[in-house]
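Each chain, written out:
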Amino acid sequence: MLANVRTFFSQRKILEVDTPVLSRAAPTDTHIEVMSVNLQNGKKGYLHTSPEYAMKRLLSEGSGDIYQMSHVFRAEEAGRLHNPEFIMIEWYRVGVPFQFLIDETLELIRLFLGEIPVQTHTYVGVFKKFAGIDPRTATLGEMQSIARQNHLPSDNSWDKETLLHFILAFLIEPQLTGLHVIRDFPPPQAALARLHETEDGLVAERFEAYFNGIELANGFHELTDPIEQRKRFMDDNLERQKCGKEVLPIDENFLSALEQGLPDSCGVAVGFDRLLMLQLNKESLKEILPFAWDSI
């Protein structure tokens, strides 16, 4: 399947690249735990959770369409769908519509799962259909009630955004039988995505793909504004501070690349190991990883 994926990109004339695993900066996302490495002279490095920042530096240098199959690292507990080290397929398309990347991502998924139909929802639509609430207008009390009624893990101290994450993960995702795409996320969940106006209001051009409730892909119409990107990194670190987590160094090289000029592009990350697990009809990553964390 590694060979098949490379053929998939070769046929589309997308260049394979190889970027460093070790960086002096780290992604500031509040919900991603980063592995650090102690270097000489008291310096600290970080193992990348995605090759995104380095790949965007290549895009800013004029690389054109690129992809990478990279081992990435996240300090998450190993389990049925998680391993601290896993293979991520990440690629970027320059000058294509957002929908083009969604369609291409589904083509890659079907390389593993066969010609299966897809159901597409907006973020607002999937909450209305599977949770019975409108995430734009639901009150904190209504969302806490939904969580209690469905026996979801919840805490009265959680804010609305945290509750939305948990309702999506524990109530909606398990109902997504077959292949599904959710698109047009709320701006607070924009991460590295552009914003645009739709009938649902201002949304982030972000999508996620699922098969039988398992997240497979996370894609964006990429943000190119360095000022807005710096603000989001700083907001992330403020949120990390509130949660008692380490404040992480911002990747100044990446921001410099944005200042130099990132071309209009769309990018997506896909979990190779999960796709292989589903292709082989297995229940756990441990069944398909010859070097799962607890077997090393």
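Moving on, we get to the overall build of the chain. Regarding its fold elements, the chain presents nine helices and twelve strands. Scaling as 2.2 N^0.38, a compact globule of 296 residues should have a C-alpha radius of gyration of about 19 Å, and the chain matches this with 19 Å. Per-residue burial for the chain yields a buried fraction of 49% across its 296 residues. Counted over contacts in the chain with a minimum sequence separation of 6, partners at least 24 positions apart contribute 67%. When the accessible area of the chain is evaluated, it comes to approximately 14400 Å², of which 51% is carbon and sulfur surface. Averaging the coordinates of the 29 positive side-chain charges in the chain and doing the same for the 43 negative ones gives two points 1 Å apart.

All right, on to helix α9 (residues 272-279) then. Where burial is concerned, most of α9 is hidden: seven out of the eight residues are buried. Within the span of α9, buried status applies to F272, D273, R274, L275, L276, M277 and L278. Among the structural elements, α1 (2-11), β6 (85-94), α3 (98-113), β10 (201-211), β11 (214-221) and β12 (265-271) are those in contact with the buried residues of α9. Phi turns positive, to about 60°, at N281, one or two residues after α9.

Among the structural elements, E215 can be located in strand β11. For E215, a relative accessible area of 29% puts it in the partly exposed group. C-alpha of E215 to C-alpha of L81: the two residues are 134 residues apart in sequence and 9.5 Å apart in space. Beyond its immediate stretch of four places on either side in the chain, E215 contacts E208, A209, Y210 and R274.

Taken as a whole, the second largest pocket encloses approximately 220 Å³ of empty space. Lining of the second largest pocket is provided by 13 residues; of these, H71, D273, L289, P290 and F291 occupy positions nearest its centre. Sorting elements by how many residues they give to the lining of the second largest pocket places β6 first, with three residues. Split into classes, the residues belonging to the lining of the second largest pocket amount to nine nonpolar, two polar and two charged.

Pairing between strand β2 (residues 22-23) and strand β4 (residues 44-47): two bridges, direction antiparallel. Its bridge partner lying in β4, S23 is registered against Y46. Bridging between strand β3 (residues 35-38) and β4 involves four bridges; their strand directions are antiparallel. Each residue of the ladder has a partner; that of M35, found in β4, is L47. Linking β3 to β4, which pair antiparallel, is a turn of five residues; within it N41 sits at a positive phi near 60°.

What counts, and where the lines are drawn
Residues numbered from 1 in each chain as written. Predicted model: local features only at pLDDT ≥ 70, side-chain atom pairs only at ≥ 80, totals over all residues. Heavy atoms only, no water. Helix = DSSP H or I, 4+ residues; strand = E, 2+ residues; numbered from the N terminus. Rg over C-alpha atoms; globule rule 2.2 N^0.38 Å. Buried < 20%, exposed > 50% of the residue type's maximum accessible area, 1.4 Å probe, protein only. Contact = heavy atoms within 4.5 Å. Areas by Shrake-Rupley, 256 points an atom, 1.4 Å probe, with all protein chains shown as cover. Lys, Arg positive; Asp, Glu negative; His and termini not counted. Charge placed at Lys NZ, Arg CZ, Asp CG, Glu CD. 1 Å grid on protein atoms, 1.4 Å probe; cavity = no way out; pocket = protein on both sides within 12 Å on 5 of 7 lines; lining within 4 Å. Points joined across faces, edges and corners; volume = space filled by probe spheres on them. Nonpolar A, V, L, I, M, F, W, Y, C, P; charged D, E, K, R; others polar. Pairing = 2+ DSSP bridges.

Spatial relationships are all this shows, so hold off on functional conclusions.
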